[in-house]
Amino acid sequence: VGDAHALAALGNDAAVARMSTGLPYPYTEDHALAFIALAEAADPRRDLPLIMDHYVYGPVGVVGLHRRAGPFAEIGYWVGRRHWSQGFATEAGAALIAWAEGARRLKAIAAGHFADNPASGRVLEKLGFLYTGEIKKRLSYARTAPVATRMMIRLS
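Description of the structure in this document. The structure presented is a predicted model; accordingly, all values stated were derived computationally and were not measured.

Looking at the sheet that holds strand 5 (residues 130-140)
- Strand order in the open sheet formed by 6 strands is 1-2-3-4-6-5, with mixed pairing between adjacent strands. Looking along the sheet, the strands with just one partner apiece sit at the ends: strand 1 (48-54) and strand 5. If you compare each strand with its neighbour and ignore which way they point, the axes differ by 30° on average.
- Seen against the sheet, helix 1 (residues 2-11) touches strand 1, strand 2 (58-67) and strand 3 (73-79) and runs at an angle of roughly 85° to strand 2.
- Those strands touched by helix 3 (residues 29-41) are strand 1 and strand 2, and its axis lies near 115° from that of strand 1.

Quick notes on the nonpolar core
- By size, the foremost hydrophobic cluster in this structure holds 22 residues, and its most contacted members are Met-52, Leu-65, Ile-75, Ile-109 and Phe-129.
- At the level of elements, strand 1, strand 2, strand 3, helix 4 (88-102), strand 4 (108-114) and helix 5 (118-126) are the ones that each hand at least two residues to this core.
- Considering each element in turn, this core owes the most residues, 6 residues, to helix 4.
- Beyond its immediate stretch of four places on either side in the chain, Met-52 contacts Gly-58, Pro-59, Val-60, Gly-61, Val-62, Val-63, Tyr-77, Trp-78, Val-79, Phe-88, Ala-89 and Ala-92.

A short note on the environment of Trp-84
- Relative to the elements of secondary structure, Trp-84 occurs in the loop between strand 3 and helix 4.
- Considered as a pair, Trp-84 and Ser-140 are 56 residues apart in the sequence and their alpha carbons are 20 Å apart.
- Here Trp-84 is in contact with Ala-15, Val-16 and Val-79, once residues within four sequence places are set aside.

Notes on the layout of surface pockets
- Within this model, the second largest pocket holds a volume of roughly 230 Å³.
- Of all the secondary structure elements, the ones that give two or more residues to the lining of the second largest pocket are strand 1, strand 2 and helix 4.
- Here the residues of the lining of the second largest pocket are counted per class, giving 9 nonpolar, 1 polar and 2 charged.

Some points on the pattern of salt bridges
- With the rule as written, the count across this model stands at 5 salt bridges.
- The salt bridge partner of Asp-13 is Arg-81, with a shortest N-O separation of 2.8 Å. Here Asp-13, found in the loop between helix 1 and helix 2 (14-17), pairs with Arg-81, found in the loop between strand 3 and helix 4; they are 68 residues apart in sequence, far enough to count as distant.
- Residue Asp-13 is classed as buried on the basis of its relative accessible area, which comes to 16%.
- With a shortest N-O distance of 2.9 Å, Asp-43 and Arg-45 are connected by a salt bridge.

Focus on the environment of Val-123
- Here Val-123 lies in helix 5.
- With 36 residues separating them in the primary sequence, Val-123 and Gly-87 have C-alpha atoms 8.4 Å apart.
- Apart from residues no more than four positions distant in its own chain, Val-123 is found in contact with Tyr-77, Ala-89 and Thr-90.

Things to note about unusual backbone geometry
- Between Tyr-25 and the following residue, Pro-26, the backbone shows a cis peptide bond with an omega angle of 5°.
- Within the secondary structure layout, Pro-26 lies in the loop between helix 2 and helix 3.
- In this structure, Arg-105 takes a positive phi of about 55° despite not being glycine.
- When you line up the elements, Arg-105 lands in the loop between helix 4 and strand 4.
- Despite not being glycine, Thr-144 shows a phi value in the positive range, around 50°.
- As for its placement among the helices and strands, Thr-144 is situated in the loop between strand 5 and strand 6 (145-155).
- Classification of Thr-144 by relative accessible area gives exposed; the value is 65%.

What counts, and where the lines are drawn
Residues numbered from 1 in each chain as written. Predicted model: local features only at pLDDT ≥ 70, side-chain atom pairs only at ≥ 80, totals over all residues. Heavy atoms only, no water. Pairing = 2+ DSSP bridges. Helix = DSSP H or I, 4+ residues; strand = E, 2+ residues; numbered from the N terminus. Axes fitted to C-alpha atoms, helices over the stretch in contact; angles between N-to-C directions. Contact = heavy atoms within 4.5 Å. Core = buried A, V, L, I, M, F, W, Y, C linked by side-chain atoms within 4.5 Å. Buried < 20%, exposed > 50% of the residue type's maximum accessible area, 1.4 Å probe, protein only. 1 Å grid on protein atoms, 1.4 Å probe; cavity = no way out; pocket = protein on both sides within 12 Å on 5 of 7 lines; lining within 4 Å. Points joined across faces, edges and corners; volume = space filled by probe spheres on them. Nonpolar A, V, L, I, M, F, W, Y, C, P; charged D, E, K, R; others polar. Salt bridge = Lys/Arg side-chain N within 4 Å of Asp/Glu carboxyl O.

Structure, rendered in structure tokens:
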């Protein structure tokens, strides 16, 4: 329940939610509890949603690897605004990619970021992702509309 309260406090921020596909706004403690239940029940062969848990700050955001329609698993993340620009997404993403390439033996991982969120693109570039040139429309629950999403790929 402590993680749910902390996640709700981080996720209930329009600036955070608007840059995510799956984060509704407002983001309540019930949403956070549902995410935690999903993470606990996940089959890591298909989906791996995780809480980024910092040893000092506690939860700082979430990161996950999941299958969408298509041949590749896709990485996604969000970080609470007070933890932006501190390297948490890069560090958590690198750990998840190392696991995916090792334990899951994935040879390619997809990612995308909203065109109006270049900071997320920079995180993905640091993680070794390259732009594919494809722009997809992805639904943002917080915006209640499809948003231009720049697609990327990482080959191992």
